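A closer look at the structure
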Amino acid sequence: MVPSFLKMTYGRDGGAVFLTARAGRTTINGIRCLDKRGVIGVIDYPRFVISSVFRASAVIICDVERMTPDYEARVIKALRGWRSMAQPPVILNAPPKPLRRYELLKRLCKLGLNRKDVHRLDDPYTIEKARFPCFIRDETGHHLTPDSPRLLHSRDELADEISKLEQNGVPAYGKIVVEFEDTRDDTGMYCKMAYYRVADALIPAHLFWNPEWFVKYPKPGLVAERPDLVERERNFVQSSPHEADIAKLFDIAGIEYGRIDYGVRKDGGIHVFEVNTNPNSAVPSLVAPERQPYINPVQQRIVSALERLADENPCMRLAWPRDELLYRLKRQL
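Positions within a chain are numbered from 1, following the residues in the order the chain's sequence is written. Where totals are concerned, whole chains, interfaces and linings use all residues; where local detail is concerned, this predicted model gives features only for residues with pLDDT of at least 70, and gives and counts side-chain atom pairs only at 80 or more. To get the side-chain values, take all heavy atoms of the structure and skip hydrogens and water.

Generally speaking, soluble globular proteins have nonpolar side chains that are buried together. In this structure, Phe 18, Ile 246, Ile 260 and Leu 306 are the most contacted members of the largest nonpolar core, which totals 55 residues. Per-element accounting of this core gives the leading share, 9 residues, to helix α10 (residues 292-312). Non-local contacts of Leu 306, meaning those with residues more than four positions away in its chain, are made with Ala 16, Phe 18, Ile 31, Val 39, Ile 40, Ile 60 and Val 198. Put simply, a nonpolar core is a bunch of buried Ala, Val, Leu, Ile, Met, Phe, Trp, Tyr and Cys residues held in one set by side-chain atoms that sit within 4.5 Å of each other. Working definition: with a 1.4 Å probe on protein chains only, accessible area under 20% of the residue-type maximum means buried, over 50% means exposed, and in between means partly exposed. The next biggest cluster of nonpolar side chains, apart from the first, holds 21 residues, and it includes Val 17, Ile 61, Val 75 and Leu 318. Strands here are runs of E lasting at least two residues and helices are runs of H or I lasting at least four, both read from the DSSP assignment and numbered beginning at the N terminus. Two residues form a contact once any of their heavy atoms are found within 4.5 Å.

Structure representation (structure tokens):
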């Protein structure tokens, strides 16, 4: 029997169950606050060592970017067994369909949708083709340092940044060089937009502005200072202006649950930064008071879409491979 404290930490099974990496098990806490019916469950992969069986109507595969090829093969094997059931659950983001960050950005560039390219840091021949400015990031989304990435404006600066990473023991494998796209709008600030996808539901998420080029969050205090930006964000989430384009981009990515972060270029085209398969959801009470009237309903729409998945599909008993404990002990995962 699973101890009660683990049930509180990870969430109940049944309904719509998220499978996450250990580091990603708390990202949906915001929408779980709104889950009045108890539909949402969360299980990180290490928990399967304790209990290899759970129940679900819908399974959402998260943290695709963090999967090693070996572990991805294990997930595919488990999903194959579930799909062979007489009444299989619905499965979102089933590998190998979702594109990871590098593959997605490379494909979008080749399609002409993104105008800027991406290069693997461990491939010196492609790095020579990198256009400036650019920056280095981890392909899985982690920061290489506690600070934001450094924007590099010349080949000498790129070489210097690579040298610093080497001196700090940071391997080149899994790192990418991303060519920078300027997404400043008429405010003079950099603007990041986002949509969620939950199966067929497309949900506008937010607009973030920041004078700094790396927009992860809005500039602190900006919302309180600029009511005009609050109104623009409200209009964005209520009017969903880019829904048709965003649907096509999610389809190209092969991602059925996640959040796409993007900006708009000077020519009006969309530039995709990434599609995150385990995006953070804001805790309703922590959203700025000015934004709560329209942002909290966004979170509720995500919960409602998950409730529909749970209601429309049979709840089945699903088993994970029995050798998971031995697998993890062998690799000390």
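Right, picking up where we left off after that structure.
On to the pairing of strand β2 (residues 40-44), then. By the criterion of burial, β2 is predominantly enclosed, with 5 of the 5 residues buried. Looking at chain direction, strand β1 (residues 16-20) and β2 are connected through 5 bridges and run parallel. Bridge pairing in β2 links Val 17 to Gly 41. Two strands are counted as paired when DSSP detects at least two bridges linking them.

Among the structural elements, Tyr 195 can be located in strand β9 (residues 190-198). Taking the C-alpha atoms as reference, Tyr 195 lies 7.6 Å from Ile 246; in sequence the two are 51 residues apart. In protein, a polar contact requires one atom able to donate a hydrogen and another able to accept it; more generally it is a pair of N or O atoms within 3.5 Å, and residues adjacent in sequence count only if both atoms are side-chain atoms. In terms of polar contacts, Tyr 195 uses its side chain to reach the side chain of Ser 240, at 2.9 Å.

The span you would expect from a helix comes to 1.5 Å times its residue count less one. In this model, helix α6 (residues 155-167) (13 residues) spans 18 Å end to end at C-alpha, consistent with the 18 Å of a helix rising 1.5 Å per residue. Along α6, the positions that sit buried rather than exposed are Leu 158, Glu 161 and Leu 165. When α6 is viewed along its axis, its buried side chains cluster within an angular range of 65 degrees and face the same direction. Facing away from the buried side of α6 by over 90 degrees, the exposed positions are Asp 156, Glu 166 and Gln 167. The arc in question is formed by the directions pointing from the helix axis toward the C-beta atoms.

Spatially, 3 strands are ordered β6-β8-β7 in an open sheet, and the strand pairing comes out antiparallel. Of all strands in the sheet, those bounded by a partner on one side alone are β6 (118-120) and β7 (134-138). Neighbour-to-neighbour, the strand axes of this sheet turn through a mean angle of 25 degrees, independent of strand direction. Both β7 and strand β8 (residues 175-179) contribute to a ladder of 5 bridges, which runs antiparallel. Bridge pairing in β8 places Asp 138 opposite Lys 175. For helices, the fitted line uses only the C-alpha atoms of the stretch in contact; every axis is such a line through C-alpha atoms, and the angle between N-to-C directions lies from 0 to 180 degrees. With respect to the sheet, helix α4 (residues 101-110) is in contact with β6, β7 and β8, its orientation differing from that of β6 by roughly 140 degrees.

Across the sheet, 4 strands lie side by side as β10-β9-β11-β12; this open sheet has antiparallel pairing. At either end of the open sheet lies a strand with only one pairing partner, and these are β10 (201-210) and β12 (270-276). The mean angle between the axes of side-by-side strands here comes to 25 degrees, regardless of whether they run parallel or antiparallel. Bridge analysis of β9 against strand β11 (residues 257-264) gives 6 bridges, and the strand direction is antiparallel. Each bridged residue has a counterpart across the sheet, and for Arg 197 the counterpart in β11 is Gly 258. Each of β9 and β10 is contacted by α10, which is oriented at about 155 degrees to β10, the strand it contacts most.

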